[in-house]
Amino acid sequence: KLDKENREILFRIGDLHILNKEHDKAMEHFRAIEKAFPDHLRTKQELALRFLATGDIEEAISTLESISRDDPSNPQVYYYLGELYLENSNLEKAVESFRLSVAATEDDPLPYIRLSMLLQEHDGGAAIDLLYSGLEKMPGNGRLSEELAYLYWETGRHELAYEWFRKAVDRLKAEEVGPRFH
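Per-chain numbering applies: the sequence of each chain, read as written, is numbered from 1 onward. Where totals are concerned, whole chains, interfaces and linings use all residues; where local detail is concerned, this predicted model gives features only for residues with pLDDT of at least 70, and gives and counts side-chain atom pairs only at 80 or more. Derived side-chain values reflect all non-hydrogen atoms in the structure, with water molecules and hydrogen atoms excluded from consideration.

Asks: Got a minute to help me understand helix H2 (residues 23–36) in this structure?
Replies: Spacing of three or four residues puts side chains on the same side of an α-helix, whose turn is 3.6 residues. Only DSSP runs of H or I covering at least 4 residues are called helices, and only runs of E covering at least 2 are called strands; the numbering of each starts at the N terminus. Here the expected span of a helix is defined as 1.5 Å times the quantity of residues minus one. If you check H2, its first and last C-alpha atoms are 20 Å apart, about what 14 residues at 1.5 Å a residue would give, namely 20 Å. Those residues of H2 that sit buried are Ala26, Met27, His29, Phe30 and Ile33. What you see down the axis of H2 is that its buried residues fit within an arc of 160°, all on one side. Facing away from the buried side of H2, by more than 90 degrees, are the exposed residues Asp24, Glu28 and Lys35. Working definition: with a 1.4 Å probe on protein chains only, accessible area under 20% of the residue-type maximum means buried, over 50% means exposed, and in between means partly exposed. When we speak of the arc, we mean the arc of directions from the helix axis to the C-beta atoms.

Structure below.
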């Protein structure tokens, strides 16, 4: 019988198969876990990660969609779905997933940044508005400030870019995170 302890062991054995590029063997273990624990949220999350590791994008999407139905307030699930939809060239679903991630997150700037990058291609103003809404939710966030500075720079509003770069550097120092390079 497959219990919680054996489930963890099967996950680890499957991971070893992934490391050895034995994806079919890994998937045998993961499918056995899925069959024994079809509604267990953590099992679904672990399976989604393993599907990604084996390159099975469709199965990863299907698993994450299932998780999103069971746990609709999980911003990470929507974030990963957005990334996978982008990989599958489904921009509309990617944008929607990133929007859901933004709506569900309380303190993670990454969904805001990723969505603003997508919006920027079509509507720089909407991307800037999104970052400001993130700063309302997370005042003083250095990453959002930095992204806003880049957007202003790319739209030719250099004075605003300089202002936001200064804020970003100060905020990132306070967060003990260095600036990144675009």
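Read on, since the account is not over.
Asks: Is there a simple way to explain helix H7 (residues 110–120) in this structure?
Replies: When we look at burial in H7, the residues that qualify are Pro111, Tyr112, Ile113, Leu115, Ser116, Leu118 and Leu119. Buried residues along H7 sit in contact with helix H5 (75–87), helix H6 (91–104), helix H8 (124–137) and helix H9 (142–154). In this description, contact between two residues means that some pair of their heavy atoms is separated by no more than 4.5 Å.

Asks: Just to check I follow, could you spell out the nonpolar core for this structure?
Replies: Generally speaking, a soluble globular protein has its nonpolar side chains buried in company with each other. Remark: nonpolar core denotes a set of buried residues (Ala, Val, Leu, Ile, Met, Phe, Trp, Tyr, Cys) joined through side-chain atoms within 4.5 Å. Phe30, Leu64, Tyr112, Leu115, Leu144 and Leu148 are the most contacted members of the largest nonpolar core, which has 43 residues in total. Not counting chain neighbours up to four residues away, the residues in contact with phenylalanine 30 comprise Leu10, Phe11, Gly14, Asp15, Ile18, Leu47 and Arg50.

Asks: Would you mind showing me how to read unusual backbone geometry here?
Replies: For residues besides glycine, phi is generally negative; the peptide bonds are generally trans as well. In this model, lysine 21 sits at a positive phi of 60°, which is unusual for a non-glycine residue. With respect to the helices, strands and loops of the structure, lysine 21 is situated in the loop between helix H1 (4–19) and H2. Here the phi dihedral of serine 89 falls at roughly 60°; this positive angle occurs in a residue that is not glycine. For serine 89, the position within the fold is in the loop between H5 and H6.

Asks: Would you mind showing me how to read the packing of H5 against H6 here?
Replies: When two helices pack together, their arrangement is given by the angle between the helix axes and the distance between those axes. Between N-to-C directions, angles span 0 to 180 degrees; the directions come from axes that are lines fitted to C-alpha atoms, helices contributing only their stretch in contact. Axis separation between H5 and H6 bottoms out at 8 Å; the angle between their running directions is 165°. Between H5 and H6, the interaxial angle falls into the category roughly antiparallel. In terms of crossing hand, the pair formed by H5 and H6 is left-handed. Along the contact surface, H5 presents Pro75, Tyr78, Tyr79, Leu81, Gly82, Glu83, Tyr85 and Leu86, while H6 presents Leu91, Lys93, Ala94, Ser97, Phe98, Leu100, Ser101 and Ala104. Here roughly perpendicular refers to angles of 65 to 115 degrees, roughly parallel to angles under 35, roughly antiparallel to angles over 145, and oblique to all remaining angles. Handedness of a helix crossing follows the sense of rotation of the near helix relative to the far helix, less than a right angle counterclockwise being left-handed and clockwise being right-handed.

Asks: Could you clarify how one ought to interpret the packing of aromatic side chains in this entry?
Replies: Pairs of aromatic rings are described using the distance from one ring centre to the other and the angle between the two planes. Pairing of aromatic rings covers Phe, Tyr and the six-membered ring of Trp, with a centre-to-centre limit of 6.5 Å; geometry is then stacked below 30 degrees between planes, edge-to-face above 60, and tilted otherwise. Applying the stated criterion to the full structure yields 6 aromatic pairs. Both rings, one in tyrosine 132 and one in tryptophan 164, keep their centres 5.7 Å apart while their planes meet at 80°; by these two values the pair is edge-to-face. With tyrosine 132 in helix H8 and tryptophan 164 in helix H10 (residues 158–174), the pair connects residues that are 32 residues apart, well separated along the chain. Judged by its relative accessible area of 31%, tyrosine 132 is partly exposed. Tryptophan 164 sits in the buried class, given a relative accessible area of 6%. Consider the rings of tryptophan 153 and tyrosine 162, whose centres lie 5.6 Å apart with planes at 75°: the pair is edge-to-face. Owing to a relative accessible area of 36%, tryptophan 153 belongs among the partly exposed residues under this scheme. Tyrosine 162 sits in the partly exposed class, given a relative accessible area of 40%.

Asks: Whenever I open this one, the pattern of salt bridges confuses me. Can you help?
Replies: A side chain of one charge can pair with a side chain of the opposite charge if their charged atoms are brought near each other. The working definition used for a salt bridge is a side-chain nitrogen of Lys or Arg within 4 Å of a carboxyl oxygen of Asp or Glu. Considering all chains together, one arrives at 8 salt bridges under this definition. Between arginine 143 and glutamate 146 there is a salt bridge, and its shortest N-O distance comes to 3.1 Å. With a gap of 3 residues between them, arginine 143 and glutamate 146 both fall in helix H9, about one helical turn apart. One exposure class covers both arginine 143 and glutamate 146, and it is buried. Close ionic contact of lysine 167 with glutamate 163 constitutes a salt bridge, the shortest N to O distance being 3.4 Å. Residue lysine 167 and its partner glutamate 163 are both found in helix H10; the two are separated by 4 residues, about one turn of the helix. On the basis of relative accessibility, which here comes to 29%, the residue lysine 167 falls in the partly exposed class. Bridged by salt links that share partners, the residues Arg7, Glu8 and Arg12 form one connected network.

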